[in-house]
Amino acid sequence: QSALAQPRSVSGSPGQSVTISCTGTSSDVGRFNYVSWYQQHPAKAPKLMIYGVITRPSGVPDRFSGSKSGNTASLTISGLQAEDEADYYCCSYAGSYTYVFGTGTEVTVL
Amino acid sequence: EVQLVESGGGLVQPGGSLRLSCAASDFTFTDFWMTWVRQTPGKGLEWVANIKQDGTDTYYMDSVKGRFTISRDNAKNSLYLQMNSLRAEDTAMYYCARGRFVSGWYPDYFDYWGQGALVSVSS
């Protein structure tokens, strides 16, 4: 399995929106609605931001939203804030009891 | 608040062994699948292994099958990863995480993660 493809970095000014793409194949992202997104600040553990493609866990701000079209999932951060500066990883169930993570995207708040 | 605390990381020579532990607290450990995920600078995050609530089912990524064993002690609220025949490419931060599912019976996401245990494999 190859890692899901994410842009290496995206950036935006406070208040702007940014979208991170996560491209897989018809065997993972395209086949299952089991895409999750994780935020990771430096030297910290990953934190769940989205699961089941679109669902936000309680406590995650509603400026974070997820979507999927075909083999590509996306995470959108609307109204970017300074504390959103972090690395973001997508993950998809890939069948046969396995998972594949994305390559990771660094979000910079300008 | 759910807590997961890993321990047991360290420096080991190629071919050596190491056992990671993860102490869980503030949730009913026996209700959840548990998972190990590792992170390397070069490969990012990689799922390593899952174990069912009662320990009867386990699943592994291909590159660790036959070398790593995931287990749990529900009486101690603890998760383990026994790593044998370690290779340089196993060098990573290892996280334990709690598995959840949207539907069905097998986890499709991980809702809480520990802080990680660093494993370095080098001569």
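Residues numbered from 1 in each chain as written. Chains lettered and ligands numbered in written order. Predicted model: local features only at pLDDT ≥ 70, side-chain atom pairs only at ≥ 80, totals over all residues. Heavy atoms only, no water.

(A) Layout of the overall build of chain A. The helix and strand tally for chain A stands at 0 helices and 9 strands. For a compact globule of 110 residues, the expected C-alpha radius of gyration is about 13 Å, and chain A comes in at 13 Å, within 12% of that figure. Taking all contacts inside chain A whose residues are at least 6 apart in sequence as the whole, residues at least 24 apart take part in 57%. By element, 44% of the accessible surface of chain A is carried by carbon and sulfur atoms, the whole surface being about 4900 Å². Averaged over its 7 positive side-chain charges, chain A has a centre that lies 8 Å from the centre of its 7 negative ones. (Helix = DSSP H or I, 4+ residues; strand = E, 2+ residues; numbered from the N terminus. Rg over C-alpha atoms; globule rule 2.2 N^0.38 Å. Contact = heavy atoms within 4.5 Å. Areas by Shrake-Rupley, 256 points an atom, 1.4 Å probe, with all protein chains shown as cover. Lys, Arg positive; Asp, Glu negative; His and termini not counted. Charge placed at Lys NZ, Arg CZ, Asp CG, Glu CD.)

(B) Layout of the side chain of D84(A). All names here are of chain A. With respect to the helices, strands and loops of the structure, D84 is situated in the loop between β6 (72–77) and β7 (86–95). Within polar-contact distance, the side chain of D84 engages the backbone nitrogen of Q81 at 2.8 Å. When sequence neighbours within four positions are dropped, the list of residues in contact with D84 reads Q39, R63, F64, I77, G79 and V107. (Polar contact = N/O pair within 3.5 Å; in protein donor to acceptor, adjacent residues only side chain to side chain.)

(C) Examining the interface of chain A and chain B more closely. Taken together, the 18 residues of chain A in the interface contact 20 residues of chain B. Each partner contributes to the roughly 1800 Å² buried at the junction of chain A and chain B, and carbon and sulfur atoms together form 67% of this total. Interface area lost by chain A to chain B is led by Y97(A), Y99(A) and F101(A), which between them contribute 37%. Here chain A is connected to chain B by 8 residue pairs in polar contact (both at pLDDT 80 or more). Elements that contribute at least two residues to the side of chain A that touches chain B include exactly β3 (35–40), β7 and β8 (98–101) of chain A. Within the side of chain A that touches chain B, the residues separate by chemical class into 13 nonpolar, 4 polar and 1 charged. (Buried area = accessible area lost by both parts, 1.4 Å probe. Nonpolar A, V, L, I, M, F, W, Y, C, P; charged D, E, K, R; others polar.)

(D) Looking closely at the sheet that holds strand β8 (residues 78–83) of chain B. All names here are of chain B. Pairing is antiparallel in the open sheet, where 4 strands are placed in the order β1-β3-β8-β7. Across the chains shown, the open sheet's two edge strands, defined by having one partner strand only, are β1 (3–7) and β7 (68–73). The sheet shows a mean angle of 15° between the axes of neighbouring strands, taken without regard to direction. Bridging between β7 and β8 involves 6 bridges; their strand directions are antiparallel. The residue bridging I70 from the neighbouring strand is L81, located in β8. (Pairing = 2+ DSSP bridges. Axes fitted to C-alpha atoms, helices over the stretch in contact; angles between N-to-C directions.)

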